[in-house]
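# Working through the structure, step by step
Here is what each chain is made of, one letter per residue.
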Amino acid sequence: MMVHKKLQAWIEEVATMCQPDQIYWCDGSQEENDRLFQEMVNKGQAIRLNPEKRPGSYLFRSHPSDVARVEDRTFIASGKKEDAGPTNNWVDPVALKKTMTTLFTGSMKGRTMYVIPFSMGPIGSPISKIGVELTDSPYVVVNMRIMTRIGTAVLETLGADGEFVKCLHSVGVPLKDGETDAAWPCAPIEEKYISHFPDQRTIWSYGSGYGGNALLGKKCFALRIASVQARDEGWMAEHMLILSITDPQGNKKYVTGAFPSATGKTNLAMHIPSLPGWKVETVGDDIAWMKFGEDGRLRAINPEAGFFGVAPGTSLESNYNAMRSIEKNTIFTNVALTDDGDVWWEGIGYDAPEHLIDWKGNDWTAADSNALAAHPNARFTAPAGQCPVIAPEWEDPAGVPVDAILVGGRRPNTIPLIHESFDWDHGVFMGSTLSSEITAATISNDIGQVRYDPFAMLPFIGYNVCDYLQHWIDIGAQPEADKLPKIFYVNWFRKDESGKWLWPGYGDNSRVLKWVIERVSGQGAAVKTPIGYMPSPDAIDTDGLDISAAEMKALLYVDKKLWLQNVDLIKAYYAGFGDRLPQSLRLQLEALEQRLTAL
Ligand code: OXD
Ligand code: MN
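Residues numbered from 1 in each chain as written. Chains lettered and ligands numbered in written order. Predicted model: local features only at pLDDT ≥ 70, side-chain atom pairs only at ≥ 80, totals over all residues. Heavy atoms only, no water.

Per an unreviewed UniProt entry, the protein goes by the name Phosphoenolpyruvate carboxykinase [GTP] and belongs to Acetobacterium fimetarium. Checking UniProt for the protein, the heading Subcellular location (unreviewed entry) contains the comment "Cytoplasm". According to UniProt, the comment filed for the protein under the heading Subunit (unreviewed entry) is "Monomer." (UniProt positions renumbered as here; feature names shortened; annotations may be inferred.)

Following this line, the structure appears as structure tokens:
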């Protein structure tokens, strides 16, 4: 194997700082994987699930303080504060490196430092990128093996001088000689740092072993650092699912979609269409990297290789294909364990057995427990290739050509079931105003207020949000604008006055997708409204659906009063972005207000 001098030098530098007992290069093999799991089982850190029920699958329980991404401990340390912008926690990079160097010094004592070369995207694709994660957590290794492509083949592609993103991670718990390890080592919250140095294409993550804090390929690289690379190199790194949709005549189209958390993104990514003859297949469930191909079309890859999905609420009814994807070779974290060595969680679709071990490792009985058996953010890590409806082309290095981009919020009123942008810039305006109403499910005093989440990227943009929106505008300034995807805003969550959902959702969302496909194919009747193009009253196929004409009207109704209030909300939200907000978005807002006033 060729020696990559920069990689070697960086590994030596990190080893000098972190002082691991040994350094281990991951080859990504099955044998290595089995060995790591066995070591974790021996140490009491993992539980092998019953091989007859869940072959090749394991359960982990995290420390109760380390259960989710920690946004207020996530930092964007760009050279200048303005480059991190109003939506990120900025820290001076020099000061942050100093603080973290103190933490990292000796942090891997008594542990192995694993070197994980990984590819985001199919190895060798012109859209893919390589990272190397140095971590002292074997849990991270086995998860990264599912979520990305790791090992020898990646090193070969990297060669002697290939570019890579430096990802350093430590759980922050050095071990003294002979000291027994914790079941889930991690540092206290105030010592956790999920730090990004975008100018240096570097990530330093300290103190957490959980999900997006520790599996650095996902949010840290594929969104925060990649969004900066994308800005500099003229492509897009987005928090989007990717779907392949085939109509009854066999025509295939591709749709990407930006949805904030708790809006059914994973369900939509794998949904089973209720419309006869239509086929939906999954290309990706969380992240899309999009780059123009030689044909002038925007082409998307899923940079990931697995699903890191929320378990609670996942059932055969809510997401059949996710349930099938996690039947084997799956890592479960913070779900409950059944007495016969299987898993259970709230919303799995059947009652809990009489006895369980809950996510904290305690006995739990259906009869006398009010506590949740699984943590609400309990996760499964499963290979994407196990999804029964994975698109055959999901690993195509050329990516798939994107026909439509959906943005979707959770709003009980105002935003109709679907509307289409007049053009690209108007679509960017829509994406910039993506929003959800705060519900009781969010710990907040602001119930009923609207929270904006531009393109569902709020916690994931690695630079100034205004520059990010300008980058979207710039991407649209193409010589062949007709080749750009069309942009649609969907809202599955509209309610009537009594608070009842108006739209059934799930497989019936395919009815809305059908209209999208018709529109991008140059068919599909639309009416021009002040907010965009909308389906004419009978353009959404409701055949076989128990929905009245009045309900459809309500779903598609544009209420002038509510929309003018919406304009005021957007003004206040944009004001928080200051002068750097792209001028074209300001103009879009003014134009919307004028069209509404004239209504
Ligand atoms: C995720 C997230 O886990 O968006 O995908 O938080
Ligand atoms: Mn996500």
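## Here's the deal with the coordination of the manganese ion (ligand 2)
Of the protein atoms, only Lys219 (NZ), His239 (NE2) and Asp286 (OD) coordinate the manganese ion (ligand 2), at distances of 2.2 Å. In primary-sequence terms, the residues that donate to the manganese ion (ligand 2) follow K-x19-H-x46-D. Taken together, the residues span a long stretch of sequence, with Lys219 in helix α7 (residues 217-233) and Asp286 in the loop between β14 (279-284) and β15 (288-292) at a distance of 67 residues. The two residues Lys219 and Asp286 agree in class, both being buried. (Donors = N, O, S within 2.8 Å, 3.2 Å for Na, K, Ca; no water. Helix = DSSP H or I, 4+ residues; strand = E, 2+ residues; numbered from the N terminus. Buried < 20%, exposed > 50% of the residue type's maximum accessible area, 1.4 Å probe, protein only.)

## Observations concerning the packing of aromatic side chains
Describing an aromatic ring pair means giving the distance of the ring centres and the angle of the ring planes. This model, assessed by the stated rule, comprises 28 aromatic pairs. Cation over ring: Lys97 sits above Phe197, and NZ or CZ is 4.6 Å from the ring centre. Of note, Lys495 hangs over the ring of Trp501, and the distance from its end group to the ring centre comes to 4.4 Å. (Phe/Tyr/Trp six-rings, centres within 6.5 Å; stacked < 30°, edge-to-face > 60°. Lys NZ or Arg CZ within 6 Å of the ring centre and 35° of its normal.)

## Remarks on helix α10 (residues 424-432)
Taking burial as the measure, the nine residues of α10 include eight buried ones, the bulk of the element. Turning to α10, its buried residues are Trp424, His426, Gly427, Val428, Phe429, Met430, Gly431 and Ser432. Put simply, Asp423 is the residue that caps the front of α10, since its side-chain oxygen is 3.3 Å from the backbone nitrogen of Asp425. (Polar contact = N/O pair within 3.5 Å; in protein donor to acceptor, adjacent residues only side chain to side chain.)

## Considerations on a nonpolar patch on the surface
A cluster of nonpolar side chains, namely Ile272, Leu316 and Tyr320, defines an oily patch on the protein surface of about 300 Å² accessible area. Looking at where Ile272 falls in the secondary structure, it is placed in the loop between α8 (265-269) and β14. (Patch = residues over 30% accessible without salt bridge, like charges linked within 9 Å, V, L, I, M, F, W, Y side chains within 5 Å. Areas by Shrake-Rupley, 256 points an atom, 1.4 Å probe, with all protein chains shown as cover. Salt bridge = Lys/Arg side-chain N within 4 Å of Asp/Glu carboxyl O.)

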